[in-house]
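# Reading the structure
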Amino acid sequence: MSGSDEPADLARQMREKAQQLHEAAERASDPQERERLEKKSRTIRDRSEQQSAMEAGDIYPQK
């Protein structure tokens, strides 16, 4: 059981989900749905970056 890869896998999965949501937003014809999907994508992407920074030991990543 390799627990050291779990945070990296979680961050990767989150990035993939954010990308899927972004692509779905691009295909959405309803502006409200597009905005909702984009917001969710940004939120997940931000959390993914935070997860990666925590994994690297940088609790306060530079933006």
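These numbers come from a predicted model, not from an experiment.

## Concerning the nonpolar core
In terms of nonpolar packing, the biggest core is built from seven residues, these being M14, A18, L21, A25, A28, L37 and I44. Secondary structure elements with two or more residues in this core: helix 1 (6-27) and helix 2 (31-56). The biggest single contributor to this core is helix 1, with four residues. Apart from the residues lying within four places of it in its own chain, the contact partners of A28 are E33, R34 and L37.

## Some points on the pattern of salt bridges
Taken as a whole and judged by the stated rule, the model has four salt bridges. One salt bridge connects R12 with D9, and the closest N-O pair in it is separated by 4.0 Å. With R12 and D9 both in helix 1 and three residues apart, this pair spans about one turn of that helix. When its relative accessible area of 34% is taken as the criterion, R12 is described as partly exposed.

## Concerning the side chain of S48
The residue S48 is located in helix 2 in this model. Not counting residues up to four positions away in its chain, the partners in contact with S48 are A11, M14 and R15.

## Concerning the packing of helix 1 against helix 2
The relative placement of two packed helices comes down to the angle between their axes together with the axis-to-axis distance. Direction vectors running N to C along helix 1 and helix 2 enclose 160°, while the axes themselves pass 8 Å from each other. Compared by their axis directions, helix 1 and helix 2 come out roughly antiparallel. Handedness of the crossing formed by helix 1 with helix 2: left-handed. On the side of helix 1, the interface is formed by P7, A8, L10, A11, M14, R15, K17, A18, L21, H22, A24 and A25, while helix 2 contributes R34, L37, E38, K40, S41, I44, R45, R47, S48, Q51, S52 and E55. Here the contact of helix 1 with helix 2 is composed, by residue class, of 11 nonpolar, five polar and eight charged.

## Re helix 2
The periodicity of an α-helix, 3.6 residues per turn, causes residues three or four positions apart to be oriented the same way. With 26 residues, helix 2 extends 37 Å from end C-alpha to end C-alpha; this agrees with the ideal 38 Å at 1.5 Å per step. Taken residue by residue, helix 2 has L37, E38, S41, I44, S48 and A53 as its buried positions. Buried positions along helix 2 lie against helix 1.

Cut-offs applied
Residues numbered from 1 in each chain as written. Predicted model: local features only at pLDDT ≥ 70, side-chain atom pairs only at ≥ 80, totals over all residues. Heavy atoms only, no water. Core = buried A, V, L, I, M, F, W, Y, C linked by side-chain atoms within 4.5 Å. Buried < 20%, exposed > 50% of the residue type's maximum accessible area, 1.4 Å probe, protein only. Helix = DSSP H or I, 4+ residues; strand = E, 2+ residues; numbered from the N terminus. Contact = heavy atoms within 4.5 Å. Salt bridge = Lys/Arg side-chain N within 4 Å of Asp/Glu carboxyl O. Axes fitted to C-alpha atoms, helices over the stretch in contact; angles between N-to-C directions. Parallel < 35°, antiparallel > 145°, perpendicular 65-115°, else oblique. Left-handed = near helix turned anticlockwise from the far one by under 90°. Nonpolar A, V, L, I, M, F, W, Y, C, P; charged D, E, K, R; others polar. Expected span 1.5 Å × (residues − 1).

Keep in mind these values describe shape, not function.
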